[in-house]
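Structure assessment
Each chain is listed here by its residues.
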2 protein chains.
Amino acid sequence: MDAQLKRGLLDVCVLAAIKGEDSYGYRIIKDLKPYIALSESTLYTVLKRLENAGMLTVRTAEHDGRLRKYYRITDVGLRRLEDFKNEWKEVISIYQYVAEGGA
Amino acid sequence: MDAQLKRGLLDVCVLAAIKGEDSYGYRIIKDLKPYIALSESTLYTVLKRLENAGMLTVRTAEHDGRLRKYYRITDVGLRRLEDFKNEWKEVISIYQYVAEGGA
DNA sequence: CATAATACTTCGTGATACGATGTATTATGT
DNA sequence: ACATAATACATCGTATCACGAAGTATTATG
């Protein structure tokens, strides 16, 4: 899909992917694949950004002798998801303007 | 609204604003205001981009002794709007994923 | 007669998606 | 046994882009 349209959706997609259960990079990419494609470099940029914003916390744990970084959503992250749902009303009104022939 | 979400919508909003009738900078901003706020510097960047992409044509005309640049949508621009509508199905599916609690 | 509105333009900055590339380990196929 | 793919994370450089700030000029308005 269009790279620009993607921009506003990436962060919330990643938050949604870790909302129900802690997850890690590779799995997040696979879980999101049916909805939105993102490369590893993009994902790690997103995760770092969300971490800096306090929307998730990281914990390193061993799995089959290999280290994994597990990401967990915070209250701030959950609030971000709620804000996004509210913002969506605006988006819908914009879409209708565009789809129904503009002015 | 969120700057990132905006990115994928700006171009199509501007195209929609000139779809029905040729328009010019200042008016486009006013017409879009109820839906999406954009500054002059942003709009002219968008218009230049759309022109380079062949999605609109420009014509300078005098109006009350003042020069105005009128923008008209092209077939390429109209096709862009159609593509956008098709892309929207993906966006909706992403939204549902995010809104309904992710994985 | 100043202030606001109209109308367009340029510049610099910060944000950011992504390809390319690198490092390591574990599975899988032949 | 050995190569290839999959898993897992990380960094760097680049191109795109929205926007604030500032500028130029004309026409309404209070």
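Refer to the preceding data block for the structure.
Residues numbered from 1 in each chain as written. Chains lettered and ligands numbered in written order. Predicted model: local features only at pLDDT ≥ 70, side-chain atom pairs only at ≥ 80, totals over all residues. Heavy atoms only, no water.

Moving on: the protein's contact with DNA strand D. In the vicinity of DNA strand D, 20 residues are found, and the nearest of them are E40, R66 and R68 of chain A together with K6 and R7 of chain B. A share of 69% of the atoms of DNA strand D within 4 Å of the protein falls on sugar and phosphate groups. Here a phosphate oxygen of DNA strand D sits 3.0 Å away from a polar atom, N or O, in the side chain of Y44 of chain A. R66 of chain A places a side-chain nitrogen or oxygen 2.6 Å from a base oxygen of DNA strand D. Looking at the surface near DNA strand D, the elements that each hand over two or more residues are α2 (25-32), α3 (40-52) and β3 (66-73) of chain A together with α1 (3-19) and α3 (40-52) of chain B. Across the surface near DNA strand D, the residue classes tally to four nonpolar, six polar and ten charged. (Near = heavy atom within 4 Å. Polar contact = N/O pair within 3.5 Å; in protein donor to acceptor, adjacent residues only side chain to side chain. Helix = DSSP H or I, 4+ residues; strand = E, 2+ residues; numbered from the N terminus. Nonpolar A, V, L, I, M, F, W, Y, C, P; charged D, E, K, R; others polar.)

Many descriptions give the size of an interface as the accessible area lost when the pieces come together. Each side of the interface is counted separately: chain B has 33 residues, and chain A has 34 residues. Buried surface at the junction of chain B and chain A, both sides included, amounts to about 3,400 Å², of which 70% is carbon and sulfur. Inspection of the chain B/chain A interface yields zero salt bridges. Going through the elements one at a time, α1, α2 (25-32) and α4 (75-99) of chain B are the ones with two or more residues in the side of chain B that touches chain A. In terms of residue count, α4 of chain B provides more of the side of chain B that touches chain A than any other element does, 14 residues in total. (Contact = heavy atoms within 4.5 Å. Buried area = accessible area lost by both parts, 1.4 Å probe. Salt bridge = Lys/Arg side-chain N within 4 Å of Asp/Glu carboxyl O.)

All names here are of chain A. As a packed pair, α2 and α3 sit with axes 10 Å apart at the nearest point and diverge in direction by 110 degrees. The angle between the axes of α2 and α3 places the two elements in the roughly perpendicular class. The element α2 and its partner α3 pack so that their crossing is right-handed. In this structure, α2 uses G25, Y26, I28 and I29 to contact α3, whose residues at the interface are E40, L43, Y44 and L47. Along the lines of polarity and charge, the residues of the contact of α2 with α3 split into six nonpolar, one polar and one charged. (Axes fitted to C-alpha atoms, helices over the stretch in contact; angles between N-to-C directions. Parallel < 35°, antiparallel > 145°, perpendicular 65-115°, else oblique. Left-handed = near helix turned anticlockwise from the far one by under 90°.)

All names here are of chain B. The pairing of strand β2 (residues 56-63) with strand β3 (residues 66-73) spans eight bridges and is antiparallel. By the bridge assignment for β3, E62 is matched with L67. Counting the residues between successive antiparallel strands, the hairpin from β2 to β3 contains two residues, one of them, D64, with a positive phi of roughly 55 degrees. (Pairing = 2+ DSSP bridges.)

This next bit is on the pairing of β3 of chain B. Judged from the two bridges that link them, strand β1 (residues 23-24) of chain B and β3 of chain B form a sheet pairing that is antiparallel. If you follow Y24 of chain B over to β3 of chain B, its bridge partner there is Y70 of chain B.

This part is about the pattern of salt bridges. Residues and elements named next belong to chain A. If you walk through the whole model with that rule in mind, you get 14 salt bridges over all chains. R27 is the salt-bridge partner of E21, the closest N and O atoms lying 3.3 Å from each other. The partly exposed category is assigned to R27, whose relative accessible area is 25%. As a salt-bridge pair, R72 and D22 come within 3.0 Å of each other at their nearest N and O atoms. (Buried < 20%, exposed > 50% of the residue type's maximum accessible area, 1.4 Å probe, protein only.)

For an α-helix the count is 3.6 residues per turn, leaving residues at separations of three or four pointing the same way. The terminal C-alpha atoms of α1 of chain B lie 24 Å apart, and with 17 residues this matches the ideal 24 Å at 1.5 Å per residue to within 8%. For α1 of chain B, the principal kink sits at L9 of chain B and spans about 45 degrees. (Expected span 1.5 Å × (residues − 1). Bend = angle between axes of the 7 residues up to and from the residue.)

With that settled, consider the protein's contact with DNA strand C. As a structural note, the neighbourhood of DNA strand C is formed by 19 residues, with K6 and R7 of chain A together with E40, R66 and R68 of chain B the closest of them. Backbone atoms, meaning sugar and phosphate, make up 70% of the atoms of DNA strand C lying within 4 Å of the protein. Contact distances for DNA strand C include 2.6 Å between a base nitrogen and a side-chain N or O atom of E40 of chain B. One of the backbone nitrogen or oxygen atoms of K69 of chain B is found 2.8 Å away from a phosphate oxygen of DNA strand C. Among the elements of the structure, α1 (3-19) and α3 of chain A together with α2, α3 and β3 of chain B are those that each provide at least two residues to the surface near DNA strand C. Residue classes in the surface near DNA strand C are distributed as four nonpolar, six polar and nine charged.

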